[in-house]
Amino acid sequence: MDDLQQPLATEGSVLQDNEPSSKRQKVSHEVTTDQRDVRRGVAPVKPEYLISSEAQDVVDDDAAEGVLPTENNPAGRRDQEGGAGGKKGGKKKQKGQNHNRSFGSFEDTLRLCNSRVLSNEFSPKTCKFGERCNLCHDIRVYLAEGRRPDVETLNGKCPVFESYGHCPSGWKCRFVKSHSKEIQHEDGRKELVLLHEGDHANDEDLDARPGIVNVTTADVKWDLARKKTVLAKSEEYIKWLDRDSEITHKLYNRKQGTEDAPVDPNEAAELRAQFVDPPFKPSEKRKIYFGRETPVLAPLTTQGNLPFRRLCSDLGAQITYSEMAMALPLIQGQKGEWALMKTHKSELAPPRFTPEDGKIVEGYDNSKDMKWGAQISGNQAWVAMKATEALTKFLPHLRVVDLNCGCPIDLVYQTGAGSGLLDTPNKLEKMVRGMNAVSGEVPITVKLRTGVRDGRPTAQRLIERLAFGNTDFRDRLGAPGTAAMTLHGRSRQQRYTKKANWEYIAECAALIKSYKDKKDSLTDTILEADASTQANTIDGKIYFIGNGDCYSHVDYLDHIDNAKVDSVMIARGAMIKPWIFEEIERGQYLDKSASERLGYIEKFVRYGLEAWGSDEIGLGHTRRFLLEWLSFTCRYIPIGLLEYLPPNIQDRPPKYRCRNDLETLLSSPNYKDWIKITEMFLGPAHPNFSFQPKHKSSSYEIDAEG
């Protein structure tokens, strides 16, 4: 153990950059506090790699997450409709550096009509607009004048066609030469035709993407937008909830001496008797599992996109979530919010399952479990209920619906959603109860922060409320039915500053563990919650996941062993080095070479083109989200350059040199270098493409670069 307190510059401790990762540094996770002779908060880079010991500028994650991205902030959200304190129709001051982040445009010069996209030259489909259509209908003109030349990267081969034998981008694909040819007919005419393999020759759905599931049809979104969709369970529960709330309010006022009119007990009983039990009580829901072997990828704004989740899943992430979706736009059928629900078939695989004795929930079937769940945010019980019912109705593949009660973003908090729910336990309990009533077999989970303000934690109180319910209604309604809770060890006021408070997380974990004893002490009393309303009974177990600053397998195992959480949710640590999940699985540090890291970038690009398309727009989206990721992963300091381990996610890097030019490029904080990396795989950016990093005020525009 003492050896682990020494610098890791011993012979053979870190092998050379060109050696396979399996042969690189293997360090026990039982690392004690090192004796660092450096300033606190500065990464301990070895002297031979230092250029200057001065720390580089601090990356401001608070500013970066100041508001939701424009693309994820569609019209129709509460804050866009006048909002509190603003006049109807009046303009509100836009705050936050990301409120108006623009990425330019990346479209073809001539737009090819959809009737031609997947058709061979001599057999076009009928254009429904006929002569009124002002789009291009001549494939040869489009290829010659309406688009940029084919991309020569990735060996000039379309990644989608290589993987699936079919490219849904058709003639618009920027790699179309790799899956098209010109044939000559007997009469001498030459025809441009698309190539297909397998059973894809008749695929005509332009929205369909190979391997992508949970794709909501346009008809579903249209019916939601026109309020034609019937969400019967929610409507029934809301009616009961309104009546029950009215009676509860009267009873409360009566107790407080503020209600003059007497309340007839028979009236209250009659109203409550009108409630119809939901078709699935929490105990009848599908069982889930969290354990030491199931590290969790957090719901990530912007970066929690499908290609990144898929990459993390490849590297060992066992549980994944969608980006946080706003509940109101979901029930309004807004395209952007439903797009967040798309997932890849690889996320439908069950998580790893090697539980210890006594860790299994009775009735859990790993073969029916899956990795992917959805996270939503809402500020009213009826909104959360309807969104939950819509998700469970239209998404065939869904592990859980997670309610976000921790988002610190002003745009969300000021509407009463996200961390705004931390100070409204009654509303939060109503939301979870209602979501459980309408979610069918899908369990409901919750993600919390320690509280709204520093020094005033409220999570313990909320955890008990979500586990057992309000004592005034527990005998009548039972427990809310929360299947799992995740606690981020920071307050809303902290945002992402200072260290996560794992001591407090440990206290809350101990509280969860004590609930079995507390439940036993309530037996045979009116205070005991009905077992049929608890999500993971028989023994009333609720899973508890910790979140905050996990940056290595050392952190992960320390939190499991010492904080006694069931699992750990990883956010920024995964964005900086997604192979953290591989480190956790192997139980060792992995000194990834620059070429390996570049391979992950290529894999992200291929996954992006599969998810968003290989046409000009798909390339633009892939480039944009790759740049978002590079703005995080450039922070990674290779462990072979560090004098002491474990690394600390809060440490600022000094100015340092890397082991080769490629590693230096990958570590560059300069957005121009990030653009160069994208061009290795996606070719030159579109002339109208622009990019403003979340973490910097500088931006990239093609014109500025000449």
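From a predicted model like this one, the values you see are computed outputs, not experimental measurements.

What counts and what doesn't
Residues numbered from 1 in each chain as written. Predicted model: local features only at pLDDT ≥ 70, side-chain atom pairs only at ≥ 80, totals over all residues. Heavy atoms only, no water. Helix = DSSP H or I, 4+ residues; strand = E, 2+ residues; numbered from the N terminus. Buried < 20%, exposed > 50% of the residue type's maximum accessible area, 1.4 Å probe, protein only. Areas by Shrake-Rupley, 256 points an atom, 1.4 Å probe, with all protein chains shown as cover. 1 Å grid on protein atoms, 1.4 Å probe; cavity = no way out; pocket = protein on both sides within 12 Å on 5 of 7 lines; lining within 4 Å. Points joined across faces, edges and corners; volume = space filled by probe spheres on them. Axes fitted to C-alpha atoms, helices over the stretch in contact; angles between N-to-C directions. Parallel < 35°, antiparallel > 145°, perpendicular 65-115°, else oblique. Left-handed = near helix turned anticlockwise from the far one by under 90°. Contact = heavy atoms within 4.5 Å. Nonpolar A, V, L, I, M, F, W, Y, C, P; charged D, E, K, R; others polar.

Visitor: Let's hear about the overall build of the chain: which residues, and what values?
Guide: Scanning the chain for helices and strands turns up 23 helices and 17 strands. By residue count, 56% of the 706 residues in the chain fall in the buried class. As presented, the chain carries roughly 31300 Å² of accessible surface, and 47% of it is formed by carbon and sulfur atoms.

Visitor: Run through helix α17 (residues 553-563), naming residues and quoting values.
Guide: With eight of 11 residues buried, α17 lies mostly within the body of the structure. Inspection of α17 places His553, Val554, Asp555, Tyr556, Leu557, His559, Ile560 and Ala563 among the buried residues, and these make up the whole buried set. Of the residues trailing α17, Lys564 is marked for its positive phi of about 65°.

Visitor: Kindly report on empty space enclosed by the protein, identifying the contributing residues and their values.
Guide: For the coordinates displayed, the defined rule picks out six cavities of 30 Å³ or more. Here the largest cavity defines a volume of roughly 480 Å³. Lining the largest cavity are 30 residues, and of these Pro299, Leu300, Lys447, Tyr496 and Ala571 lie nearest its centre. Of all elements in the fold, only β11 (444-449), β14 (567-570) and α18 (572-576) reach the threshold of two or more residues within the lining of the largest cavity. Looking at the lining of the largest cavity, the element that brings in the most residues is α18, giving three residues.

Visitor: Lay out the packing of helix α21 (residues 616-633) against helix α23 (residues 671-682) in plain terms, naming residues and giving numbers.
Guide: Following both chains from N to C, one finds α21 and α23 inclined at 140°, their axes separated by 10 Å at the closest point. Taken together, α21 and α23 sit at an angle that is classed as oblique. The handedness of the crossing between α21 and α23 is right-handed. Residues Leu619, Thr622, Arg623, Leu626, Leu627, Leu630 and Ser631 of α21 pack against Trp674, Ile675, Ile677, Thr678, Glu679 and Leu682 of α23. Residue composition of the contact of α21 with α23, grouped by class: eight nonpolar, three polar and two charged.

None of this, on its own, says anything about what the molecule does.
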